[in-house]
Amino acid sequence: MRHIISVILEDEAGALSRVSGLFTQRGFNIESLTVAQTTDPTLSRMTIVSSGNERVLEQIVKQLNKLIEVVKVTDLTSQDHVERELMLAKISSTSKEGVDLKELVEIFGCKVVDVKDKIYTIEVSGKTKKINAFLDALEPSNIIEISRTGVTGISRGKKLI
Amino acid sequence: MELNGAEILVDCLQKEGVDHVFGYPGGAVLHIYDAIEAQDKITHVLVRHEQGAAHGADGYARANGKPGVVLVTSGPGITNAVTGIATAHMDSIPMVVISGQVPSPLIGMDAFQEVDATGITRSCVKHNFLVRDISDIATTVKKAFHIATTGRPGPVVIDIPKDITIAKMEKEEYPDSIEIRSYKPTTKPSNRQIRKAAELISNAKKPILYSGGGCVIGNASRELREFTQMLGFPITQTLMGLGAYPMTDKQSLGMLGMHGTYEANMAMHGSDCVVAIGARFDDRITGNLAKFCPTAKFIHIDIDPSQISKNVVADIPIVGQTAQVLQALIDELKDKELSDISNWWSQIEDWRKIDSLAYKKSPGVIKPQTVIEALYEVTEGKAIVTSDVGQHQMWAAQYYPFDEPRQWINSGGLGTMGFGLPAAMGAKLAMPEKDIACVTGEGSIQMMLQELSTMLQYATPVKIINLNNGYLGMVRQWQEFFYEKRYAMSYMDALPDFIKLAESYGHLGIKVDQEKDLKPALIEAFKQKERTVFLDIMTDPSENVFPMIPAGGAHCDMLLAGRDEMVSKDETDFNAV
């Protein structure tokens, strides 16, 4: 099962490699990993998407907690939460297909952020499923290049990590 | 007064109460050595190889419970120490390793003797630091000792670039204590879990206590004894836990696992309630997980939450320090009535009658088991015994019943050959009044021989019991059983004359090739209080370690000495109790 794990950790050199090293060392799977500063400049927030059964997930959470720099670990999947991913995609388009592309952009609520050399750069955000669906709707040969951020997430309402 | 970084570092070590540092100098740590030379509170032990420094500090820490301290240079200094650091990590030994690093501006430039020390050691330390500013030295050292010694202990590496040791600043006070917001190990158990555990324990009809290294490292021996005797339960100990409960006591079933006793393994297999205390269900203990303790409920006590339900799902997990948890259980169970377990004990006594450690002597050869029994007799069971890794390690664990914690020092987790000799040296420095025996083999001893030189320089007399059978015995045993006797590379040819070798290092060497000479030689060796004695004892090359659970077997699938068939007990035997 897919899990979204939020980690608050000290913003120190080496902390990221400690986390990624842990996943390789123990054979845990990483689908995506994002990291950036929080409102407290001494802390970073990391969002890891991983998969595994309950026992694997329990080990992931415990092993993350064991890292000295980790302050808090939460499995967002187990609670009410919002998740988003952002993708920038460069799509080539002939004029006829360009019409289709504009329709797609509208349907998926994307934004065209740049056009150059008949190549459209499109920004899509949403759940991973939505981004996958957008890509599926395109002619594969028209997809020039994509860059995805991986998932980030946050719990809903008053509950904090 | 202005001090340089090296002087601040050494000052911090003094304030931390460090009395021995095991190390080896080199370019990146010359300022630190200069500062060490200028003081006399800390004794520096100059090893002959950095792996010896790490094992030496490790043996010191295991013998007296204080953190071991290592000082090595950059590059090969720290890479040589890695095996010793990983050894300490696997067995949760408190250790602080200070490694020199090339000057900060050269980091990343492939400078002479540069390696990414924090990167290389990351997966085999509890934590590591790269010091980036002289003003960070004091807090980093304090944090390192705090992390190494609290919670589940382990090694911590501090990597210090040379320029930081040269820089100067007004002396910074060494903090008395330190708070790390992201590191707060749980020590006190939850009352709710204690009550649940007490309930299960008091209703158990076929209970067994299974205690591990956590009872030794956690100094829980007193509580373990009280708990075990109060309950009257059988207890089995892991290789790492031997001695926390006296092995000569009638409630002790000896060691469990791959080379454990018949009664210990059968009792685990038949139990309805296993209380794991500071043990981690290692694969050498459990054998085949699918067949492990088929009828038991598990109470798992450990300071490290990640050990719980890692290999075996715990029915009642209790996170906390072993000593505190046991004390809480003692208080909770004091007035509780327990189930009658006399039938269980009579079943266990029947298993005990099998006498799984019995072995046959044959004329003309010395059995390795006989050597350990003689060692036990001559030292009256009171020596600190270190070992290397292999058959001799198992025989020492089986035939020297340890009655005290910290009496048995071996590399259980990583299984590092070469550990025994430097560890014996470290143990002697920690416990100078104790007799120290290093049980080893002609394979293992050759991995750290050079430390014989250090042992002369620092006058650390130990008795080396070399069980010389000309084979890498454990490898040979597996090849005999599982590789149709194809003995690939397990024979040691061209061995040195160990007697001359010991003598050339300034020690005493005694060769023993007849059983009648064995005890007199041991007595003579231990009489030599001031000298290291190398006993080269020629033992039976074909002897195997029994009992043995072959890989993938269950606890009831044991090979016993002198039997071709595997002894497998019918399930109905368990139901009969």
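None of these values were measured; they are calculated from a predicted model.

Turning next to the overall build of chain A. Assigned secondary structure in chain A consists of four helices and nine strands. For chain A, the N- to C-terminal ordering of α and β elements is β-α-β-β-α-β-β-α-β-β-α-β-β. Here chain A holds 161 residues, and 42% of them are scored as buried. Sequence-distant contacts in chain A: of pairs separated by 6 or more residues, those separated by 24 or more amount to 74%. As displayed, chain A offers around 8,900 Å² of accessible surface, 54% of which is attributable to carbon and sulfur atoms.

Our next topic: empty space enclosed by the protein. Residue and element names in this part refer to chain B. The full count for this structure, using the stated rule, is two cavities of 30 Å³ or more. The space that makes up the largest cavity amounts to roughly 120 Å³. Lining the largest cavity are Arg62, Asp91, Ile93, Gly213, Val216, Ile217, Met240, Arg406, Trp408 and Ile409. Among the elements that line the lining of the largest cavity, the one with the most residues is helix α9 (residues 213-217), at three residues. A class-by-class count of the residues in the lining of the largest cavity yields six nonpolar, one polar and three charged. In this structure, the second largest cavity spans a volume of roughly 40 Å³.

This part covers the pairing of strand β3 (residues 43-46) of chain B. Residue and element names in this part refer to chain B. When strand β2 (residues 20-23) meets β3, the two strands line up parallel, connected through four bridges. Bridging across to β3, Gly23 finds its partner in Leu46. Read as a crossover between parallel neighbours, the route from β2 over helix α2 (residues 30-37) to β3 is right-handed.

On to the interface of chain A and chain B. In this complex, chain A contributes 19 residues to the contact, which on the side of chain B involves 21 residues. Around 1,600 Å² of area is buried between chain A and chain B when both sides are counted, 45% of it from carbon and sulfur atoms. Three residues, Arg18, Arg55 and Ile68 of chain A, lead the burial of chain A against chain B; their summed loss comes to 42% of the area buried on that side. Remark: the boundary between chain A and chain B carries three salt bridges. For the pair chain A and chain B, the number of links is twelve residue pairs in polar contact (both at pLDDT 80 or more). Looking at the side of chain A that touches chain B, the elements with two or more residues in it are α1 (15-25), α2 (54-66) and β4 (70-75) of chain A. Broken down by element, the side of chain A that touches chain B gets its largest block of residues, six residues, from α2 of chain A. Each residue belonging to the side of chain A that touches chain B can be placed in one class, and the counts come to five nonpolar, six polar and eight charged.

On average, residues of chain A score 93 in pLDDT, and 96% of them are at 70 or above. When mean pLDDT is compared element by element in chain A, strand β3 (residues 43-51) of chain A scores highest at 97, while helix α3 (residues 95-107) of chain A scores lowest at 75.

So, on to the packing of helix α1 (residues 5-15) of chain B against α2 of chain B. Residues and elements named next belong to chain B. Running from amino to carboxyl end, α1 crosses α2 at an angle of 55°, the nearest separation of the two axes being 8 Å. Between α1 and α2, the angle falls in the class oblique. Viewed along their axes, α1 and α2 form a crossing whose handedness is right-handed. In this structure, α1 uses Ala6, Glu7, Leu9 and Val10 to contact α2, whose residues at the interface are His31, Ile32, Ala35 and Ile36.

Glancing now at the sheet that holds strand β5 (residues 95-101) of chain B. Residue and element names in this part refer to chain B. Spatial ordering of the open sheet is given by β3-β2-β4-β5-β7-β6, a layout of six strands whose pairing is parallel. Each edge of the open sheet carries a strand with a single partner, namely β3 and β6 (127-130). Neighbour to neighbour, the strand axes of the sheet diverge by 20° on average, direction disregarded. Bridge count between strand β4 (residues 68-72) and β5: five bridges; the pairing is parallel. Within the sheet, the bridge partner assigned to Leu71 lies in β5 and is Ile98.

Turning next to the packing of helix α8 (residues 191-203) of chain B against helix α13 (residues 322-333) of chain B. All names here are of chain B. It is at 10 Å that the axes of α8 and α13 come closest, and there the two elements cross at 60°. The angle between the axes of α8 and α13 places the two elements in the oblique class. You can see that α8 and α13 cross each other, and the crossing is right-handed. Along the contact surface, α8 presents Ile194, Arg195, Ala197, Ala198, Ile201 and Ser202, while α13 presents Val325, Ala328, Leu329, Glu332 and Leu333. Along the lines of polarity and charge, the residues of the contact of α8 with α13 split into eight nonpolar, one polar and two charged.

Residue and element names in this part refer to chain B. In the predicted model, chain B carries a mean pLDDT of 96, and the fraction of residues at 70 or more is 97%. In the predicted structure, residues 569-577 sits below a pLDDT of 50 and forms 16 contacts with residues beyond four places in sequence or in another chain. Interface confidence for the predicted complex, given as ipTM, is 0.91, next to a pTM of 0.95.

Right, let's talk about the pattern of salt bridges for a bit. Residue and element names in this part refer to chain A. What the rule picks out here adds up to 34 salt bridges over all chains. Among the ionic pairs, Arg2 bridges to Glu83, the shortest N-O distance being 3.2 Å. Of this pair, Arg2 sits in strand β1 (residues 2-10) while Glu83 sits in strand β5 (residues 81-92), and the two are 81 residues apart along the sequence. Overall, Arg2 belongs to the partly exposed group, its relative accessible area being 30%. Owing to a relative accessible area of 9%, Glu83 belongs among the buried residues under this scheme. The network of salt bridges with common partners includes Arg2, Glu31 and Glu83.

So, how was this worked out
- Residues numbered from 1 in each chain as written.
- Chains lettered and ligands numbered in written order.
- Predicted model: local features only at pLDDT ≥ 70, side-chain atom pairs only at ≥ 80, totals over all residues.
- Heavy atoms only, no water.
- Helix = DSSP H or I, 4+ residues; strand = E, 2+ residues; numbered from the N terminus.
- Buried < 20%, exposed > 50% of the residue type's maximum accessible area, 1.4 Å probe, protein only.
- Contact = heavy atoms within 4.5 Å.
- Areas by Shrake-Rupley, 256 points an atom, 1.4 Å probe, with all protein chains shown as cover.
- 1 Å grid on protein atoms, 1.4 Å probe; cavity = no way out; pocket = protein on both sides within 12 Å on 5 of 7 lines; lining within 4 Å.
- Points joined across faces, edges and corners; volume = space filled by probe spheres on them.
- Nonpolar A, V, L, I, M, F, W, Y, C, P; charged D, E, K, R; others polar.
- Pairing = 2+ DSSP bridges.
- Right-handed = clockwise from strand over helix to strand, strands pointing away.
- Buried area = accessible area lost by both parts, 1.4 Å probe.
- Salt bridge = Lys/Arg side-chain N within 4 Å of Asp/Glu carboxyl O.
- Polar contact = N/O pair within 3.5 Å; in protein donor to acceptor, adjacent residues only side chain to side chain.
- pLDDT = per-residue confidence, 0-100.
- Axes fitted to C-alpha atoms, helices over the stretch in contact; angles between N-to-C directions.
- Parallel < 35°, antiparallel > 145°, perpendicular 65-115°, else oblique.
- Left-handed = near helix turned anticlockwise from the far one by under 90°.

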